[in-house]
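What follows is each chain in one-letter form.
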Amino acid sequence: MPRKFTPKVITSNDLLEGDVIYLARDGEWVRDIRRAALYDDENEAISALACADSHRHRHVGAYLADAALNDEGLPDPVHFREVFRTRGPTNYFHGKQADS
Amino acid sequence: MYRYSQFDDEFVRTRVAEFRGQVERRLDGSLSEDEFKPLRLKNGLYLQLHAYMLRVAIPYGTLNSRQMRQLAMIAERWDKGYGHFTTRQNIQFNWPKLRDVPDILDALADVSMHAIQTSGNCIRNVTADHFAGAACDEIEDPRPTAELLRQWSTDHPEFQYLPRKFKIAVTGSPNDRAVTRAHDIGLRMVRDDFGKPGFEVLIGGGLGRTPMIGMVARAFLPKDHLLPYIEAILRVYNLAGRRDNKHKARIKILVHETGRDIIRERIEAEFKRRLAVFPGIDPQLMEDIDASFRLPEFIDRPQDEHEGLLSSDPEYREWAEQNLTDHRQDGYRIVTVSLKAIGATPGDATSDQMRAIAAIAEKYAYDEIRVSHEQNIILPHVPLASMPGVYADLKAVGLAAANIGLISDIIACPGMDYCSLATARSIPVAQDIAREFNALELEKRIGHIKVKISGCINACGHHHVGHIGILGLDRAGVENYQITLGGDGTETAAIGRRAGPGFAADELLPALRRLIDRYLETRLDDRETFLACYRRLGEAPFLAALYPDNPRYAGEQL
Ligand code: SF4
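Remember, it's a predicted structure, so these values are computed and weren't measured experimentally. (Residues numbered from 1 in each chain as written. Chains lettered and ligands numbered in written order. Predicted model: local features only at pLDDT ≥ 70, side-chain atom pairs only at ≥ 80, totals over all residues. Heavy atoms only, no water.)

Novice: What should I look at first to understand helix α5 (residues 143-153) of chain B in this one?
Specialist: Because an α-helix completes one turn every 3.6 residues, residues spaced three or four positions apart along the sequence face the same direction. Residue and element names in this part refer to chain B. In terms of residue burial, α5 counts as a mostly covered element, since 10 of its 11 residues are buried. Among the residues of α5, Arg 143, Pro 144, Thr 145, Ala 146, Glu 147, Leu 148, Leu 149, Arg 150, Trp 152 and Ser 153 are the ones counted as buried. Remark: Asp 155 follows α5 within two positions and exhibits a positive phi of approximately 60°. (Buried < 20%, exposed > 50% of the residue type's maximum accessible area, 1.4 Å probe, protein only. Helix = DSSP H or I, 4+ residues; strand = E, 2+ residues; numbered from the N terminus.)

Printed below as a string of structure tokens:
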């Protein structure tokens, strides 16, 4: 049986800095997952990813990552790997957690 | 130490200039990532979880103070003020920006360093015993051999596109500190019946998803046959190694699938052909290499201050007991500088610490620095007369942790704090273990033990050869840690056995406590190490300690 599609965001790494980025509704790449577009529909997600792939000079290696709406109605990561990607490493206060 | 020749220099500079052009073309859009990725990887530039990562080769882990200072400068100017020393005796910078990388590579070239062949399916940085030239048990310094292999393998046209990456380690001592049995090729210096030094050649070792201990391809290989023999191995592998499946492409799988005897025969046949046309190594070249590794002039100096501190300063004594190793020369010691201060990230050094190490090496220790695969720094030749000064200067920058070989001296790969391939974190696990056993003041009592942690099956943290190995996995979206027991990376190499079901992150420390308690209760006396005790008793009592509530293991009490 095909797995049920779960909501996704499109995420990638910035070409210049390597920093984690997300695709927002307006087609911009943003650094904060809370501003990312959340796709409930599989086809929509796949075509948005294909479109994201065409911004190839902005980022490296876009993919779909599970996300869910939080209490404020904004996307939150689901898997722990994606949680770390929204923050940075846990051994130093570096990366996103320090920049925001 | 060996200096790059003009050829090396030009080669490295040309590569940097090429890469500068490639980065520009990536940035202006003329190269796609698909086109650019293999080019950046050829220059050691990876993309990790949060940023790019630059892996810089440190040939056989040997550095001088000038190079160490340059690494410190790079970390400060283009990174976040620290570097990570790895199990392959390399250094990694975790936060470089793409635009800056060509400048970083130029800065490396200024001190004869580069990041070439630190990635990709080629012969990687050759590693060696970090006590080379200083060890008491050494037959001969392995570094001239490692240097010869470095020169031979750098940009070798035939071996740039192997089925998979290829790692060579060399040791000149019977006590194997270079984990030669877990490398694609391991070279162990031995003597023949006439006392002449040569190599025992091991092939097909490796960790990763299919861990294997290398087999003896040749019990004795004369030194001057080394290059044709290694070429023969590489040739056989290059032609017959699998290219259809990345996970089956290492030479260990070829050896395993083809059979040891057949592989040995093929290598010997190829070796004969190559030997027939091998002109021999240019004696001038070998002489130059040998000369650059000549030992410094050792001098006898009074050690009164050192002796005095041993009796008056307990902290100094503890450090000296734990971190110093006998040197081939009386009045000298090998100093292991621990990069494992309690709670620190294993293998990390700040720019200030790197500069302090450089200054100490220059002032007291013949300007020689080594990186060990255990992620510590070695000062190979330190006179006891200078030891108090070395200690004081290390202490001033937080580098005087007295824990070499103890439970807090852990190897840990970057894991999911940095690595995009990781399935779980390893650094916090190492930090927690170090803090826990230190707080319990058990470290000294436990004594010699090797704990090694990897954040995924690729095993960069060498967990298979840890007395206690820990592998971080993703179990249904939660970090989970699998324990292996009885691994050994030395001349008595063994792959650890998987204990049983993994542990959730918060169950891991209590499980390790039970395991260690069992060892402390059951060891013969305090000279019996964890590994010796495990070998004597077998795994049953340790499994019972790990899984007290699991009838499958708990039944087997002592
Ligand atoms: S073992 Fe896995 S997680 Fe650790 S550094 Fe290697 S690839 Fe990354």
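Novice: Where do I start with the pairing of strand β12 (residues 332-337) of chain B in this structure?
Specialist: As a general feature of sheets, a regular strand has side chains that alternate between the two faces. All names here are of chain B. Within β12, 5 of the 6 residues are buried, which leaves it mostly tucked inside the rest of the structure. Pairing of strand β11 (residues 324-326) with β12, which is carried by 3 bridges, proceeds in the antiparallel orientation. Bridge pairing in β12 places Asp 326 opposite Arg 333. Adjacent in sequence and paired antiparallel, β11 and β12 are bridged by 5 residues, among which Gly 331 carries a positive phi angle near 85°. Bridge analysis of β12 against strand β15 (residues 377-383) gives 5 bridges, and the strand direction is antiparallel. (Pairing = 2+ DSSP bridges.)

Novice: For this particular structure, what's the right way to read the environment of His55(A)?
Specialist: Residue and element names in this part refer to chain A. With respect to the element layout, His 55 can be found in the loop between α1 (42-53) and β4 (59-69). Separated by 28 residues in the primary sequence, His 55 and Gly 27 have C-alpha atoms spaced 10.0 Å apart. What His 55 contacts, discounting residues up to four positions off in sequence, is Leu 23, Gly 27 and Trp 29. (Contact = heavy atoms within 4.5 Å.)

Novice: Is there a simple way to think about the sheet that holds strand β2 (residues 52-56) of chain B in this case?
Specialist: Paired through backbone hydrogen bonds, the strands of a sheet run either parallel or antiparallel to each other. Residue and element names in this part refer to chain B. The 5 strands are arranged β1-β2-β5-β4-β13 in an open sheet whose pairing can be described as antiparallel. Across the chains shown, the open sheet's two edge strands, defined by having one partner strand only, are β1 (45-47) and β13 (348-350). Going from strand to strand, the sheet's axes swing by 30° on average, the running direction of each strand aside. Where β1 lies against β2, 3 bridges are found, and the strand directions are antiparallel. When the sheet's bridge partners are listed, Leu 45 is paired in β2 with Leu 54. Along the sheet face, helix α2 (residues 33-42) touches β1 and β2 and points at about 125° away from the line of β1. (Axes fitted to C-alpha atoms, helices over the stretch in contact; angles between N-to-C directions.)

Novice: I would appreciate a short explanation of the side chain of His84(B) in the present structure.
Specialist: Residues and elements named next belong to chain B. Looking at the secondary structure, you find His 84 in strand β4 (residues 82-85). Overall, the relative accessible area of 3% leaves His 84 in the buried class. A distance of 2.7 Å separates the side chain of His 84 from the side chain of Asp 348, its partner in a polar contact. When residues no more than four places from it in sequence are discounted, the contact partners of His 84 are Asn 90, Ile 91, Gln 92, Asn 94, Pro 346, Gly 347, Asp 348, Gln 375, Ala 412 and Pro 414. (Polar contact = N/O pair within 3.5 Å; in protein donor to acceptor, adjacent residues only side chain to side chain.)

Novice: Looking at this structure, how should I read the site of the ligand?
Specialist: By nearness alone, every residue bordering the ligand is listed as Cys413(B), Pro414(B), Gly415(B), Cys419(B), Leu421(B), Ala422(B), Gly455(B), Cys456(B), Asn458(B), Ala459(B) and Cys460(B). Residues belonging to the shell around the ligand are distributed by class as follows: 8 nonpolar, 3 polar and no charged. (Near = heavy atom within 4 Å. Nonpolar A, V, L, I, M, F, W, Y, C, P; charged D, E, K, R; others polar.)

Novice: I tried to follow the sheet that holds β11(B) on my own but got confused; where do I start?
Specialist: Residue and element names in this part refer to chain B. The strand order β3-β14-β15-β12-β11 describes an open sheet built from 5 strands, whose pairing is antiparallel. With one partner strand each, in any of the chains shown, β3 (62-63) and β11 form the two edges of the open sheet. With 2 bridges joining them, β3 and strand β14 (residues 369-371) adopt antiparallel strand pairing. Paired with Leu 63 across the two strands is Ile 369, which belongs to β14. With respect to the sheet, helix α11 (residues 314-323) is in contact with β11 and β12, its orientation differing from that of β11 by roughly 50°.

Novice: What exactly am I supposed to notice about a negative patch on the surface here?
Specialist: All names here are of chain B. Judged by side-chain charge, Asp 282, Glu 287, Asp 288 and Asp 290 come together as a negatively charged surface patch. With respect to the helices, strands and loops of the structure, Asp 290 is situated in helix α9 (residues 283-292). When its relative accessible area of 37% is taken as the criterion, Asp 290 is described as partly exposed. (Patch = residues over 30% accessible without salt bridge, like charges linked within 9 Å, V, L, I, M, F, W, Y side chains within 5 Å. Areas by Shrake-Rupley, 256 points an atom, 1.4 Å probe, with all protein chains shown as cover. Salt bridge = Lys/Arg side-chain N within 4 Å of Asp/Glu carboxyl O. Lys, Arg positive; Asp, Glu negative; His and termini not counted. Charge placed at Lys NZ, Arg CZ, Asp CG, Glu CD.)

Novice: Mind showing me how you'd approach the domain arrangement of chain B here?
Specialist: Accessible area lost during the coming together of the parts is what is often quoted as the interface size. Residue and element names in this part refer to chain B. Each assigned domain of chain B is listed here: domain 1 (6-110), domain 2 (134-292), domain 3 (304-396) and domain 4 (414-554). Relative to domain 4, the C-alpha centre of domain 2 lies at a distance of 31 Å. Taken together, the contacts link 12 residues of domain 2 with 12 residues of domain 4. Of the roughly 1,000 Å² buried at the junction of domain 2 and domain 4 (both faces included), carbon and sulfur atoms supply 68%. Counting every contact that joins domain 2 to domain 4 gives 0 salt bridges. Summed over the shared surface of domain 2 and domain 4, the result is 2 residue pairs in polar contact (both at pLDDT 80 or more). Along the lines of polarity and charge, the residues of the side of domain 2 that touches domain 4 split into 6 nonpolar, 2 polar and 4 charged. (Domains from an automatic or database assignment. Buried area = accessible area lost by both parts, 1.4 Å probe.)

Novice: Help me out: how do you make sense of the pattern of salt bridges in this one?
Specialist: Enumeration according to the criterion identifies 54 salt bridges over all chains in this entry. A salt bridge links Arg25(A) to Glu44(A); the shortest N-O distance between them is 3.6 Å. Residue Arg25(A) is located in the loop between β2 (20-23) and β3 (29-30), and its partner Glu44(A) is located in helix α1; the two are separated by 19 residues in the primary sequence. A salt bridge links Glu321(B) to Lys444(B); the shortest N-O distance between them is 3.6 Å.

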